Amino acid sequence: MELRVPLRGNRMHGLFKWSSKWWPGLIPLVALWVIAGWVSTAPMEADLAARSAAALKDVVLDKPRIVVAGRDVTLGADAFAEDGRRSALAAVESVNGVRLVNDETRLVPEAKPFVWSAERDVARVTLGGNAPLPAIKSKLMEVARAAIGGVEVADQMALARGAPPRFDAAALLLLDQVAKLKDGKVTISDTSVSLSGMARDLGGREAIVSALKNLPEGFTVAANDVKAPPYVFQAYKDPVAVTLTLSGYVPDDKVHAAVDRAASRKFVSEKVVDNLKASIGAPGGFSDAVVTALGALARLSTGTLVVSDREVKLSGDVLYDGAAAQIRAGLGKDFPQGFQFKPEISVKPAAAPVDQTVCQQLFSELLSKGKIRFEQARATIDPDSTALLDRLIEIALRCPTTNIEIAGHTDGDGEDGFNQALSEKRAQAVVDYLVKAGLPATRFTAVGYGSAHPVAGNDTDEGKAQNRRIEFLVR
């Protein structure tokens, strides 16, 4: 009987004994094989990734993603057209060394309708809605920052398909209009354009309307609710600085000159400081309302006039009680139709009484600065002299116990009889004005001297103008 079991055991023992000597050497060999494989594969994958990315440089994509495993490339991206998506896949497939392209591309969502907007407030401009391509989106942001300097521009635009032809041209034109708004919004919905808000400057609305005529073909204005800012004229009478300051707007140079002339005639002592600017946008009748209102302001001791579109606000102090009632009643009917008058008038506190000598001095000083005017060859008082008469009344109120002669004088032109009668009528017209204002008629005497007492030669227009006068003589 053969005993082989022990022999087999001896052989197995020998095999294990032999293998225990060489298998530890396999570990570094395997490690070297792995390292060699990694070292040779990584550069190849990096090269394929770089050449795949280069192949896509002429294809418009959003968020392109390239992942390489060996010689297999996974391409992910948002494409803006089916042709673009296919072109991207074909470009990567054509890269030398690429074995397989895994397609993870998709189309950018389509917007129906395709809406884009630009909204402005005090702090920022926000671009919202959709943009068709990354390049156009960047261009819109760039133009918005340039056109609306000094204001933050926020990007809330999403990329989407479906933009109408020439969308970028329409959007760029509308961004120029946003720069003309104080606040508001412009919107494109497919080919329909809407605008709303307040123009920054006078004439801004008209400029926007003109610009919209240049919208690309196919685009139409569905709504334009842009409003013009108020058309404002202001005047301030300062008794301390003895100035009349004009500011705001007038329609044109012709009206500007007319306002200056009216101010010079109506305001006797004040220096006119003219800060007016010419601008379009005045409502109808604006110029007539301004000239009329300046006459009322001239009657105030101190005051402010604001004409805003068709609203007239007059505030300040009149020189005596009767003037306030006259201004309220008179201007209500004198303004052009459609204008609203809002007076805020009080009566100036009475000045301290003065004696006869001071009273005469005050009359003489005031009449040396301005003259009571009348219509040509008539005894009708020119309305531009109303403010001067009111100041004469204030002086008369300060010397209530005196009697005053109102003396009328003419130049040397014409017949003596006519000049005598005219001087008497003009003197009486002044007395009538004083009495109507509430002064006692017994205090005044109207006397006409015709051309008998000239103060200058009658051989020049200037001299004649000086001779045509009304004097107040305290008796």
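Residues numbered from 1 in each chain as written. Predicted model: local features only at pLDDT ≥ 70, side-chain atom pairs only at ≥ 80, totals over all residues. Heavy atoms only, no water.

1. A closer look at the overall build of the protein chain
Stage number 1. From N to C terminus, the protein chain includes 13 helices and 18 strands.
Stage number 2. Over its C-alpha trace the protein chain gives a radius of gyration of 46 Å, far above what one expects of a compact globule, namely 23 Å for 475 residues.
Stage number 3. Based on the C-alpha atoms only, the size of the protein chain along its principal axes is roughly 180 × 50 × 40 Å.
Stage number 4. Buried positions account for 40% of the 475 residues belonging to the protein chain.
Stage number 5. Sequence separation of 24 or more characterises 68% of the internal contacts of the protein chain that already satisfy a separation of 6 or more.
Stage number 6. Roughly 25400 Å² of accessible area belongs to the protein chain as shown, and the carbon and sulfur atoms make up 54% of that amount.
Stage number 7. A gap of 9 Å separates the mean positions of the 57 positive and 57 negative side-chain charges of the protein chain. (Helix = DSSP H or I, 4+ residues; strand = E, 2+ residues; numbered from the N terminus. Rg over C-alpha atoms; globule rule 2.2 N^0.38 Å. Buried < 20%, exposed > 50% of the residue type's maximum accessible area, 1.4 Å probe, protein only. Contact = heavy atoms within 4.5 Å. Areas by Shrake-Rupley, 256 points an atom, 1.4 Å probe, with all protein chains shown as cover. Lys, Arg positive; Asp, Glu negative; His and termini not counted. Charge placed at Lys NZ, Arg CZ, Asp CG, Glu CD.)

2. Regarding the layout of surface pockets
Stage number 1. In this structure, the largest pocket encloses a volume near 540 Å³.
Stage number 2. Forming the walls of the largest pocket are 23 residues, and the residues nearest its centre are R299, G330, D334, P383 and T386.
Stage number 3. At the level of secondary structure, the elements contributing two or more residues to the lining of the largest pocket comprise helix 8 (286-298), helix 9 (321-334), helix 11 (386-398) and helix 12 (416-436).
Stage number 4. The dominant element in the lining of the largest pocket, judged by the number of residues it contributes, is helix 9, at six residues.
Stage number 5. In terms of residue class, the lining of the largest pocket is made up of 11 nonpolar, five polar and seven charged.
Stage number 6. Roughly 410 Å³ of volume is contained in the second largest pocket. (1 Å grid on protein atoms, 1.4 Å probe; cavity = no way out; pocket = protein on both sides within 12 Å on 5 of 7 lines; lining within 4 Å. Points joined across faces, edges and corners; volume = space filled by probe spheres on them. Nonpolar A, V, L, I, M, F, W, Y, C, P; charged D, E, K, R; others polar.)

3. Some details on the confidence of the model for the protein chain
Stage number 1. For the protein chain, mean pLDDT is 89; residues scoring 70 or higher make up 91% of the total.
Stage number 2. Here residues 1-9 is a poorly scored stretch, pLDDT under 50, and it has zero contacts once near neighbours within four places are set aside; other chains count.
Stage number 3. A low-confidence stretch, residues 29-39 (pLDDT under 50), is modelled with one contact involving residues beyond four sequence positions or located in other chains. (pLDDT = per-residue confidence, 0-100.)

4. Here we look at helix 5 (residues 167-178)
Stage number 1. The end-to-end C-alpha distance of helix 5 is 17 Å, a good match for the 16 Å that 12 residues give at a rise of 1.5 Å each.
Stage number 2. Of all the residues in helix 5, the buried ones are F167, A170, A171, L173, L174, L175, Q177 and V178.
Stage number 3. Contact partners of the buried residues in helix 5: strand 4 (115-120), strand 5 (124-131), helix 4 (134-147), strand 7 (181-189), strand 8 (192-199) and helix 6 (204-212). (Expected span 1.5 Å × (residues − 1).)

5. Regarding the state of the cysteines
Stage number 1. Scanning all chains against the criterion turns up one disulfide.
Stage number 2. C359 shares a disulfide with C399; S-S distance 2.1 Å. Pair noted here: C359 is in helix 10 (residues 356-369) and C399 is in the loop between helix 11 and strand 16 (404-409), with a separation of 40 residues, a long-range link.
Stage number 3. You can call C399 buried: its relative accessible area is 1%. (Disulfide = S-S within 2.5 Å.)

6. Things to note about empty space enclosed by the protein
Stage number 1. One pass over the full model with this rule turns up one cavity of 30 Å³ or more.
Stage number 2. Quantified by volume, the largest cavity comes out at close to 30 Å³.
Stage number 3. Lining the largest cavity are K237, K266, F267, V268, S269, E270, A298, A387 and R391.
Stage number 4. Split by residue class, the lining of the largest cavity holds four nonpolar, one polar and four charged.

7. Points about the packing of aromatic side chains
For any pair of aromatic rings, geometry is given as the distance between the ring centres together with the angle between the planes.
Stage number 1. One pass over the full model with this rule turns up six aromatic pairs.
Stage number 2. Ring centres 5.3 Å apart and planes at 80° place the aromatic pair F114 and F167 in the edge-to-face group. With a gap of 53 residues between them, F114 in the loop between strand 3 (100-107) and strand 4 and F167 in helix 5 connect regions that are remote in the sequence.
Stage number 3. Ring geometry for F363 and F472: centres 5.0 Å apart, planes at 40°, overall tilted. With F363 in helix 10 and F472 in strand 18 (residues 469-474), this pair connects stretches of sequence that are 109 residues apart.
Stage number 4. Judged by relative accessible area, F472 falls into the buried class, the value being 2%.
Stage number 5. By way of ring pairs, the aromatic residues F114, W116 and F167 are connected into one cluster. (Phe/Tyr/Trp six-rings, centres within 6.5 Å; stacked < 30°, edge-to-face > 60°.)

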